[in-house]
Amino acid sequence: MANQMKCGLPATRVRSRRGIGAVSTGLVAMVLVVASCSKSVSTGTSGSSTTSHAQSTTTTTAKSTSTTKASKAVTSADLEKLLPKAADVGGDYRVVSGTDGKSSSEDAAIDDAIKQACPELADVMKAPKDSASDPNTVSRDFDTEDGRSVGVELKAGLKSSSVPDRAAMKKLVDGVSKCGTVKFDSSGISFSGTLLMQADDSIGDFGAVLKMTWTGVSDELPKPLVIDALIRMVAVGDVGVTISAFGGVDTTTMEGIPVDADIVDRLAKDLAGSVGSLQGS
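Residues numbered from 1 in each chain as written. Predicted model: local features only at pLDDT ≥ 70, side-chain atom pairs only at ≥ 80, totals over all residues. Heavy atoms only, no water.

Colleague: Tell me about the overall build of the protein, and please be specific about residues and values.
Modeller: Of the regular secondary structure elements, the protein holds 7 helices and 10 strands. A total of 281 residues make up the protein; the buried ones form 50% of that total. The long-range fraction of contacts in the protein, counting pairs at least 24 apart against all pairs at least 6 apart in sequence, stands at 72%. Of the accessible surface of the protein, which amounts to about 12,800 Å², a share of 51% is contributed by carbon and sulfur atoms. (Helix = DSSP H or I, 4+ residues; strand = E, 2+ residues; numbered from the N terminus. Buried < 20%, exposed > 50% of the residue type's maximum accessible area, 1.4 Å probe, protein only. Contact = heavy atoms within 4.5 Å. Areas by Shrake-Rupley, 256 points an atom, 1.4 Å probe, with all protein chains shown as cover.)

Pasting the structure below:
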């Protein structure tokens, strides 16, 4: 039997970053999980995994009837009440605690790699990265034992943000379509990522979906590890709704576990409805 150690998510997370900034947060979590487990994984055939996770399914969402003319301004206190609980996310998700607000070397490496390969995306990521520095933003993060994560961000005052309207969103989408492969090294593992962003107005007033595929290669890994990620951005009146999710890692086999895309779509649709009602639209 292969010698294996128990490994999983670190007890404390560094700097919670949501919205587009979730690209860095999710990758940092992935790096830490992979690095903590890679040296304990046998290159031989393992037994069946007992890790359970929600299966991703295709969710068809009806187009929202909300308009861009919000009749009521909302505050972060209003939005705080709309943040989902772990039971609303479902499966074996739990609320993340223990974020310390500090950057890390992984953060810096990832941010630099994105800046080099995709400056348009990096420009948007320069916005305030947590609710402490942006009083208009509220967020909540969820994760599982196998490293899957879901992040929810609600931002008031969308029209004064870096992506205030459909034209700005289109510019971002067009820019990301020209991005090259994002590459960085961390903890002895070489990572590369491809990004695909498309406009998607099926929920809310306008929006977009960013899909990412990340591959980690190391001599300590039995084979390349592939993890996917998904970020859905939705505008509802003067509020931005962002749901982000990363796939996880089966720490027995080091196989990637698919992102819970169905949860992303469901939460985005539910929150778009709640935010629209809050604004009277």
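Colleague: I'd like a description of the environment of S97, backed by residues and values.
Modeller: Its location among the elements puts S97 in the loop between strand 1 (94-95) and helix 4 (105-117). Distance in space between the C-alpha atoms of S97 and F142 is 8.8 Å, their sequence separation being 45 residues.

Colleague: Run through the nonpolar core, naming residues and quoting values.
Modeller: Taken as a class, soluble globular proteins show a tendency for nonpolar side chains to be buried jointly. Counting residues in hydrophobic clusters, the biggest one holds 32 residues, and the most contacted among them are M169, V176, L195, M197, L210 and M212. Of all elements in the fold, only helix 4, helix 5 (119-125), helix 6 (166-176), strand 4 (182-186), strand 5 (189-199), strand 6 (206-217) and strand 7 (225-236) reach the threshold of two or more residues within this core. (Core = buried A, V, L, I, M, F, W, Y, C linked by side-chain atoms within 4.5 Å.)

Colleague: Please provide a residue-by-residue account of the sheet that holds strand 2 (residues 137-143), values included.
Modeller: Strand order in this open sheet of 8 strands is 1-2-3-8-7-6-5-4, and the pairing throughout is antiparallel. Lying at the two open borders of the sheet, with one neighbouring strand each, are strand 1 and strand 4. Relative to strand 3 (residues 149-156), strand 2 runs antiparallel, the two sharing 7 bridges. Bridge assignment links V138 to a residue of strand 3, and that residue is L154. (Pairing = 2+ DSSP bridges.)

Colleague: Which residues make up the pattern of salt bridges, and what values do they have?
Modeller: Scanning the model with the defined rule gives 12 salt bridges in all. One salt bridge connects D201 with R166, and the closest N-O pair in it is separated by 3.4 Å. You can see D201 sitting in the loop between strand 5 and strand 6 and its partner R166 sitting in helix 6, a full 35 residues away along the chain. Two residues, D265 and R232, come together in a salt bridge whose shortest N-O distance is 3.0 Å. Residue D265 is found in helix 7 (residues 261-278), and its partner R232 is found in strand 7; the two are separated by 33 residues along the sequence. Both residues of the pair, D265 and R232, belong to the buried class. (Salt bridge = Lys/Arg side-chain N within 4 Å of Asp/Glu carboxyl O.)

Colleague: Any details on helix 6? Residues and values, ideally.
Modeller: Along an α-helix, residues three or four positions apart point the same way, because every turn accommodates 3.6 residues. Those residues of helix 6 that fall on the buried side of the exposure criterion are A168, M169, L172, V173, G175 and V176. For helix 6, the buried positions fall inside an angular range of 165° around the axis, keeping them on one side. Away from the buried face of helix 6 by more than 90 degrees, exposed residues A167, K170 and K171 are located. (Arc of directions from axis to C-beta.)

Colleague: Hey, could you go over the state of the cysteines for me, with residue numbers and the actual values?
Modeller: Across all of its chains, the model carries 1 disulfide by this definition. Between the sulfur of C118 and that of C179 lies a disulfide, 1.7 Å long from S to S. An S-S torsion of about 45° defines the bridge between C118 and C179 as right-handed. Taken as a pair, C118 in the loop between helix 4 and helix 5 and C179 in the loop between helix 6 and strand 4 lie far apart in primary sequence, 61 residues in all. Neither C118 nor C179 differs from the other in exposure class; each is buried. (Disulfide = S-S within 2.5 Å.)

Colleague: Break down the pairing of strand 5 for me, citing the residues and quoting the values.
Modeller: Along a regular strand, successive side chains alternate from one face of the sheet to the other. Relative to strand 5, strand 4 runs antiparallel, the two sharing 5 bridges. The partner of V182 across the bridge, within strand 5, is G193. Hairpin connection of strand 4 to strand 5: 2 residues between the antiparallel strands, including S187 at a positive phi of 55°. As consecutive antiparallel partners, strand 5 and strand 6 are separated by 6 residues, and within that stretch G204 has a phi angle of approximately 70°, a positive value.

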